Amino acid sequence: MALSESVETSLKEAEASLRNALAYAARQERPMVCASIADMISRIETLQTADSLLDKLENRKPGDSGFFGSSFG
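Residues numbered from 1 in each chain as written. Predicted model: local features only at pLDDT ≥ 70, side-chain atom pairs only at ≥ 80, totals over all residues. Heavy atoms only, no water.

A.B. asks: Honestly, the overall build of the chain in this entry has me stumped. Any pointers?
C.D. replies: For the chain, the count of helices and strands is two helices and zero strands. Taking all 73 residues of the chain together, 15% fall into the buried category. Taking the intrachain contacts of the chain between residues at least 6 apart in sequence as the baseline, contacts between residues at least 24 apart amount to 47%. Accessible surface, the chain: about 5,800 Å² in total, of which carbon and sulfur atoms supply 57%. (Helix = DSSP H or I, 4+ residues; strand = E, 2+ residues; numbered from the N terminus. Buried < 20%, exposed > 50% of the residue type's maximum accessible area, 1.4 Å probe, protein only. Contact = heavy atoms within 4.5 Å. Areas by Shrake-Rupley, 256 points an atom, 1.4 Å probe, with all protein chains shown as cover.)

Structural data, given as structure tokens:
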């Protein structure tokens, strides 16, 4: 089940806001703050990628040999 459009949009907006915060934090905050913001960005990206991968696995045809074609090329 793919992420709904509203969830995907919200995640992209959150990622954009965090990237903006990271840009400001890089200039004036402690490295720990920057690392934490970068970790949140990474987790959002991982969530989106993992959801896409799970969709591909769920939509395999029965008896498929496991090759996903250009998805992993």
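A.B. asks: Please explain the environment of glutamate 58 as it appears in this structure.
C.D. replies: Relative to the assigned elements, glutamate 58 resides in helix α2 (residues 31-58). Once the C-alpha coordinates of glutamate 58 and methionine 1 are considered, the two residues, 57 residues apart in sequence, prove to be 8.2 Å apart.

A.B. asks: How should I be thinking about a nonpolar patch on the surface in this particular structure?
C.D. replies: On the surface, Leu53, Leu54 and Leu57 cluster together to form a nonpolar patch covering roughly 240 Å² of accessible area. Along the polypeptide, leucine 57 turns up in helix α2. (Patch = residues over 30% accessible without salt bridge, like charges linked within 9 Å, V, L, I, M, F, W, Y side chains within 5 Å. Salt bridge = Lys/Arg side-chain N within 4 Å of Asp/Glu carboxyl O.)

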